[in-house]
Every structure is written in C-alpha cells, then in structure tokens.
Amino acid sequence: MNEPLRMDIDGVTLRAGGHCAGRVLLRGLGFTVNAGERWVVLGPNGAGKSSLLAAMAAVFPIDAGRIVLQRRPLAQWPAPALADWRAWCPQFWLDPFPATVRETAALARRRGAWWSSNGDDDARLGQVLDELELTGLADADVRRLSGGERQRVAVATALLQDAPLLLLDEPASHLDLAHQQLLLEVLGRWTASARAVVASVHDINLAWDLATHAVLLDGRGSAVAGAREAVMTPARLSEAFDVSVERVEICGQTRFWVGRR
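In this text the structure is predicted, and so the values were computed from the model without any measurement. Numbering of residues begins from 1 in every chain and follows the order in which that chain's sequence is written. Given that the model is predicted, a residue must reach a pLDDT of at least 70 before its local features are reported, and side-chain atom pairs must reach 80 or more before they are shown or counted; all residues, however, enter totals for whole chains, interfaces and linings. To get the side-chain values, all heavy atoms of the structure are used, and hydrogens and water are removed first.

Caption draft 1: Representation of the pairing of strand β11 (residues 244-250). Strands are treated as partners if at least two bridges between them are detected by DSSP. Each helix is a run of H or I in the DSSP string that is no shorter than four residues. Each strand is a run of E no shorter than two, and both are numbered from the N terminus. Bridge count for β11 against strand β12 (residues 253-259) is seven bridges, and the pairing is antiparallel. Following the sheet pairing, Ser244 is matched in β12 by Gly259. Between β11 and β12, which follow one another and run antiparallel, lie two residues, and Cys251 among them has a positive phi close to 55°.

In structure tokens:
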C-alpha cells in the first residue's frame with residue numbers, strides 16, 4: 001500500500017433498502033476522498049447517510065454509478081484485500097456472547113484467526129485502548145458497558161484494523177461532551193498520517209469541527225459534496241434540515257445556531 005489513498009464516488013444513485021423499487025435516497029452523487037481529508041456526511045433522518053457509508057464499504061448495493069478505490073471498481077475487490085484498505089464501523093452493534101473489551105477490539109488485528117495474537121498486536125491494542133480512554137475497561141464485559149463506552153470500543157476496533165480509509169457511521173452517538181472532543185483529537189491524528197475519515201454526524205457544530213469536507217443530503221434525493229465551507233452554509237443547512245440555521249463567530253470559532261422555522 002505505497003500509493004496514496006483515493007476513493008472516487010462517481011455518479012452514484014442509492015435507493016432505500018438497496019431495492020430497485022425503493023425510493024431514491026440520493027441521485028448522481030460524485031466526490032473524491034483523498035488521504036489527509038476528513039469528510040462528514042450530514043442530512044435528516046432517512047436521507048441515506050448510513051446507506052452511503054455502507055455503499056462505500058461495499059456492503060450496500062448501488063443503483064447507478066460506481067465507486068472506485070485505488071483506480072479499481074469496488075465491486076472487483078476481494079474481501080480480504082478490501083479489508084486492508086477500508087474499515088467500516090456501522091451504527092449498531094450486537095454482542096450476543098460474553099467478551100472483554102480487549103478481546104472485542106482485538107478482533108480487528110487478526111482477521112481469520114481472532115484467538116491468536118503477538119507482541120506487535122498487543123502493543124498496538126494497548127495504544128488504541130489508551131488513546132480512547134478504555135484501558136481501565138479492558139477486562140470489562142462489552143455487554144455491561146454504557147452506550148458511550150461501547151461506542152468507543154467500536155471506534156477502537158475500526159482503528160485497530162489500520163486501514164487507510166475509516167468509514168464511521170455516527171461515531172459520536174452516545175458520547176458525552178468530553179469524549180466527543182476526544183474523538184475529534186483521535187481522528188485528527190489519524191488523518192495526519194496520510195489516512196482519511198468519512199463519518200456521519202448529526203451535530204452540525206461537531207461536524208464543522210471535524211470536517212475538511214462535507215456531503216449534505218436533503219432527504220429528497222439531492223446531495224451536494226465539497227469543501228466544508230462551500231457545503232455547510234446556513235442556506236444549505238436550513239434547506240436540508242427544514243430549520244433556521246445561523247452561522248456566528250464566537251471568540252474566533254465558527255458556531256451554528258438552530259431554530260424552528
């Protein structure tokens with residue numbers, strides 16, 4: 001993996017449920033993700049944020065267009081090779097069996113042989129657990145964690161895959177304010193190492209702080225993608241979310257105020 005990361009979303013159309021008869025979620029969407037970029041996906045409930053991320057992970061069918069990773073159509077990638085390039089963290093997790101935080105996160109390190117480990121794996125695992133403030137919970141049963149704690153385990157598992165492209169579906173859900181800020185720091189360091197993040201986020205202020213680029217879905221089939229400043233305008237956000245959005249500068253920091261129309 002010596003070549004820089006690049007994923008092209010080229011004229012992609014998605015339908016609800018991945019079925020040809022489903023309503024159009026987004027039509028003709030195009031953008032390119034490069035190493036060092038942090039993309040956020042915004043839009044109202046049901047607009048297709050999770051479906052877009054799943055399509056980029058090659059686990060959701062595309063109705064039209066194509067997605068290309070490293071100049072190779074996503075559909076042509078064997079699963080093991082694709083796992084070396086992208087990590088997908090879905091919105092929901094199921095833990096039917098007892099397992100510790102350490103065991104759960106370690107699944108990402110030894111694909112196909114989760115019961116084995118080596119010194120390098122253990123060192124990397126300890127680093128990521130510490131980074132996400134999970135060291136004190138390493139031996140806890142994942143079924144007994146709070147929602148925010150389990151969410152950090154999910155993010156840790158994705159990070160431990162060490163793929164250049166990280167696809168995160170609502171990684172900030174359930175996180176308290178301190179851990180939202182921690183997430184921003186962790187993802188900022190991640191992309192500083194020639195890697196990229198695409199994450200769906202509901203909080204537009206958190207999205208602004210995270211993003212270099214954005215995709216905004218309006219829930220009616222339309223979408224816009226590009227640099228953060230061009231996409232996350234008050235007019236576009238107001239139209240997409242059917243609310244009144246005002247952008248203000250407070251102590252040199254951009255904030256958005258939201259009110260009912």
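Caption draft 2: Spotlight on the packing of aromatic side chains. Think of it this way: a Phe, Tyr or Trp ring, Trp meaning its six-membered ring, pairs with another when their centres are within 6.5 Å, and the plane angle makes it stacked under 30 degrees, edge-to-face over 60, tilted otherwise. Summed over the entire model, instances satisfying the criterion amount to three aromatic pairs. Measuring from ring centre to ring centre gives 4.7 Å for Phe31 and Trp39, while their planes differ by 35°; the resulting arrangement is tilted. Trp39 carries the same exposure label as Phe31, and that label is buried. Considering the side-chain rings of Trp77 and Trp85, the 6.5 Å spacing of their centres and the 70° angle between planes classify their relative orientation as edge-to-face. Using a 1.4 Å probe on the protein chains alone, a residue whose accessible area is under 20% of its type maximum counts as buried, one over 50% counts as exposed, and one in between counts as partly exposed.

Caption draft 3: Layout of the pairing of strand β8 (residues 196-200). In terms of burial, β8 is largely enclosed, as five of its five residues are buried. The alternating pattern of β8 places Ala196, Val198 and Ser200 on one face and Val197 and Ala199 on the opposite face, and all of these are buried. Inspection of the sheet shows strand β3 (residues 38-42) paired to β8 by four bridges, in the parallel sense. Bridge pairing in β8 places Arg38 opposite Val197. Bridging between strand β7 (residues 165-169) and β8 involves five bridges; their strand directions are parallel. Among the inter-strand pairings, Leu166 is bridged to a residue of β8, identified as Val197. We call a crossover right-handed when, viewed with both strands directed away from the observer, the connection leading from the first strand over the helix to the second proceeds clockwise. In this view, the connection linking β7 to its parallel neighbour β8 by way of helix α6 (residues 177-191) has right-handed handedness.

Caption draft 4: The arrangement of the nonpolar core in detail. Nonpolar core, defined: a set of buried Ala, Val, Leu, Ile, Met, Phe, Trp, Tyr and Cys residues in which side-chain atoms within 4.5 Å join the residues together. Ranked by internal contacts, the top residues of the largest apolar core, which has 52 residues, are Val40, Leu166 and Met232. Per element, the largest residue contribution to this core is seven residues, and it comes from helix α5 (residues 147-160). Only heavy atoms matter for contacts: two residues are in contact if any of them lie within 4.5 Å across the pair. Ignoring sequence-local partners within four residues, the contact set of Leu166 consists of Ala87, Ala158, Leu159, Leu187, Trp190, Ala196, Val197 and Val198. Counting 32 residues, the second-largest nonpolar core is a separate cluster that includes Leu25, Val33, Ala47 and Leu167.

Caption draft 5: Highlighting the environment of Arg228. Counting through the fold element by element, Arg228 comes out in helix α8 (residues 228-231). Separated by 190 residues in the primary sequence, Arg228 and Arg38 place their C-alpha atoms 9.6 Å from one another. When near neighbours in sequence (up to four residues on either side) are disregarded, Arg228 contacts Trp208, Ala211, Thr212, His213 and Ala214. Within the structure, the side chain of Arg228 is placed 2.9 Å from the side chain of Glu229, a separation counted as a polar contact. Side-chain atoms alone can form a polar contact between residues adjacent in sequence; in general such a contact is a pair of N or O atoms within 3.5 Å, and within protein one must be able to donate a hydrogen while the other accepts it.

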